[in-house]
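If you want the building blocks of each chain, they are given just below.
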Amino acid sequence: MTTNSSQVRTSSGMASSGVASGAAANAREHSAQESANAGAPQRGRSAEAVLRTPVDIFETSESLVLMADMPGVAKERLDVRVDGDTLVLEGKVHFQLPEESEAVYADVRSTAYRSSFVLSRELDTDKIQANLKDGVLTVRIPKHAALRPRKIEVR
Amino acid sequence: MFARFNGLPNSLLDDFWRLQQEVEQLLGDGLPSQGGIRSLPRGSYPAINVVQTPDNVQVYLFAPGIDPKKLDVSIQQGLLTIAGERTIPTEDGASYYRQERFSGEFRRAVSLGDDIDAERVEARYRDGIVQITLHRRASAKPRQIEIH
């Protein structure tokens, strides 16, 4: 049960406002609510709280890989997209509670996941691959071939 | 006054907002969250929700990325115990910026009361959630007493 890159919508990359090109952090999180993002949940009590997604982020010589725990999200309810220079992950938990049920205990009190990460320039957002399996989302972002680090030989 | 910070991706305001959200999740909405001696702190892996109906108790275990066959589910004297392990394979040559996902062995226990029929338990794994359905014994269901 895996999905492939068809899940990824890439909205055309407008020039970034120079926020994200630092070499030190390849992907920095900025938690959700940028005012510019249409459809983003509003700040404040009325909006449903957003669940935290623990993530692993690692880099190989070819790509940057992000893995996020999103239990309860089926691929139909997952949205992975690149908005300008920002990678946005959104998912909804699908719960089928029995009739007449009453909650006794709840660690999880929301059904919405959302997190976003600012990407840096050497990442090729046209070639992102996303894969969802057993509630774990893996996003693989290749680096532009020309921009991969080269080993400089010292003579 | 804070307008100039609005463009910063990881501004103090966002952190504060997130903290506020976490506090709200912690304090919750009136559901009992303080557990027994076997309960785990918030944010532990795996998270658990428990729901009951007159006929059964449903336990939802938020356990993404596990092999359900290796999960050990047992009931003894009204105590449901779920133990397992999550291993996260690493790729060669990977250098990590963040490692927030749980890895290792875990164990959670839920006290169910004594009307659960230990012979009739069903479990399934889907999208990273283990759903365990435990039926109550028929005799333990509330009966409507007719008054003649």
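Residues numbered from 1 in each chain as written. Chains lettered and ligands numbered in written order. Predicted model: local features only at pLDDT ≥ 70, side-chain atom pairs only at ≥ 80, totals over all residues.

Teacher, can you tell me more about the overall build of chain B here?
For chain B, the count of helices and strands is 1 helix and 8 strands. In chain B, the succession of α and β elements from N to C terminus is α-β-β-β-β-β-β-β-β. Buried residues in chain B amount to 22% of all 148 residues. The long-range share in chain B, meaning contacts at least 24 apart out of those at least 6 apart in sequence, stands at 53%. (Helix = DSSP H or I, 4+ residues; strand = E, 2+ residues; numbered from the N terminus. Buried ≥ 20, exposed ≤ 12 C-beta atoms within 10 Å, placed from the backbone. Contact = placed C-beta atoms within 7 Å.)

Would you take a moment to explain the overall build of chain A for this structure?
Along the backbone of chain A there are 0 helices and 11 strands. Counting from the amino terminus, chain A carries its helices and strands in the arrangement β-β-β-β-β-β-β-β-β-β-β. The buried share of chain A, reckoned over its 155 residues, is 34%. Intrachain contacts of chain A at a sequence separation of at least 6 include 68% that bridge at least 24 residues.

Can you walk me through unusual backbone geometry in this structure?
The general pattern is negative phi for most residues beyond glycine and trans for most peptide bonds. With an omega of -10°, the peptide bond running from Tyr45 of chain B to Pro46 of chain B counts as cis. Its place among the elements puts Pro46 of chain B in the loop between helix 1 (12-27) and strand 1 (47-52). Although it is not a glycine, Asp134 of chain A sits at a positive phi angle of roughly 50°. The exposure class assigned to Asp134 of chain A is partly exposed, which follows from the 18 C-beta atoms found within 10 Å. Residues other than glycine seldom take positive phi values, yet Gln77 of chain B does so here, at roughly 50°. Mapped onto the fold, Gln77 of chain B is located in the loop between strand 3 (72-76) and strand 4 (79-86). Residue Gln77 of chain B is classed as exposed on the basis of its 9 C-beta neighbours within 10 Å.

How do you make sense of the sheet that holds strand 3 of chain B when you look at a structure like this?
Note on sheets: strands pair through backbone hydrogen bonds, and any given pair is parallel or antiparallel. All names here are of chain B. One open sheet accounts for 3 strands, arranged 3-4-6; its pairing is antiparallel. At either margin of the open sheet sits one strand with a lone partner, and together these are strand 3 and strand 6 (104-111). Across the sheet, the axes of successive neighbouring strands diverge by a mean angle of 15°, strand direction being ignored. Across 5 bridges, strand 3 lies against strand 4 in antiparallel orientation. Bridging across to strand 4, Asp72 finds its partner in Ala83. (Pairing = 2+ DSSP bridges. Axes fitted to C-alpha atoms, helices over the stretch in contact; angles between N-to-C directions.)

What exactly am I supposed to notice about the environment of Val88 of chain A here?
Along the chain, Val88 of chain A falls in strand 7 (residues 86-93). Non-local contacts of Val88 of chain A, meaning those with residues more than four positions away in its chain, are made with Arg81, Asp83 and Ser116 of chain A.

Sorry if this is basic, but what is going on with the nonpolar core here?
If you look at soluble globular proteins, the nonpolar side chains tend to sit buried side by side. Residues and elements named next belong to chain A. In this structure, Leu66, Ala68, Leu87, Leu89, Leu137 and Val139 are the most contacted members of the largest nonpolar core, which totals 28 residues. Looking at this core, the elements that each hand over two or more residues are strand 3 (50-51), strand 4 (55-59), strand 5 (63-69), strand 6 (73-83), strand 7, strand 9 (112-118), strand 10 (129-133) and strand 11 (136-142). Apart from the residues within four sequence positions on either side, Val139 is in contact with Leu66, Val80, Leu87, Ile128 and Ala130. (Core = buried A, V, L, I, M, F, W, Y, C linked by C-beta atoms within 7 Å.)

Where do I start with the environment of Glu105 of chain B in this structure?
Residues and elements named next belong to chain B. Within the element layout of this structure, Glu105 appears in strand 6. Among the residues examined, Glu105 registers 10 C-beta atoms within 10 Å and is labelled exposed. Remark: the alpha-carbon pair of Glu105 and Gly43, spanning 62 residues in sequence, is separated by 15 Å.

Where do I start with the environment of Arg155 of chain A in this structure?
Position of Arg155 of chain A among the secondary structure elements: in the segment after strand 11. Judged by local crowding, Arg155 of chain A falls into the exposed class, with 2 C-beta atoms found within 10 Å.

Would you mind going over the confidence of the model for chain A with me for this structure?
If pLDDT is low for a region, its predicted coordinates should not be looked at in detail. For chain A, per-residue confidence averages 74 on the pLDDT scale, and 68% of positions sit at 70 or higher. Residue range residues 1-46 of chain A is modelled with pLDDT below 50. Its contacts to residues more than four positions away, or to other chains, number 87 contacts. (pLDDT = per-residue confidence, 0-100.)

I keep staring at the sheet that holds strand 1 of chain B and nothing clicks. Help me out?
Taken in spatial order, the 5 strands of this open sheet run 8(A)-1(B)-2(B)-8(B)-7(B), and their pairing is antiparallel. Strand pairing shows two members of the sheet lacking a second neighbour, strand 8 (102-106) of chain A together with strand 7 (116-126) of chain B, which therefore form its edges. For this sheet the average axis-to-axis angle between neighbouring strands, irrespective of direction, equals 20°. The pairing of strand 7 of chain B with strand 8 (residues 129-136) of chain B spans 7 bridges and is classified as antiparallel. Counterpart to Ile116 of chain B in the pairing with strand 8 of chain B is Arg136 of chain B.

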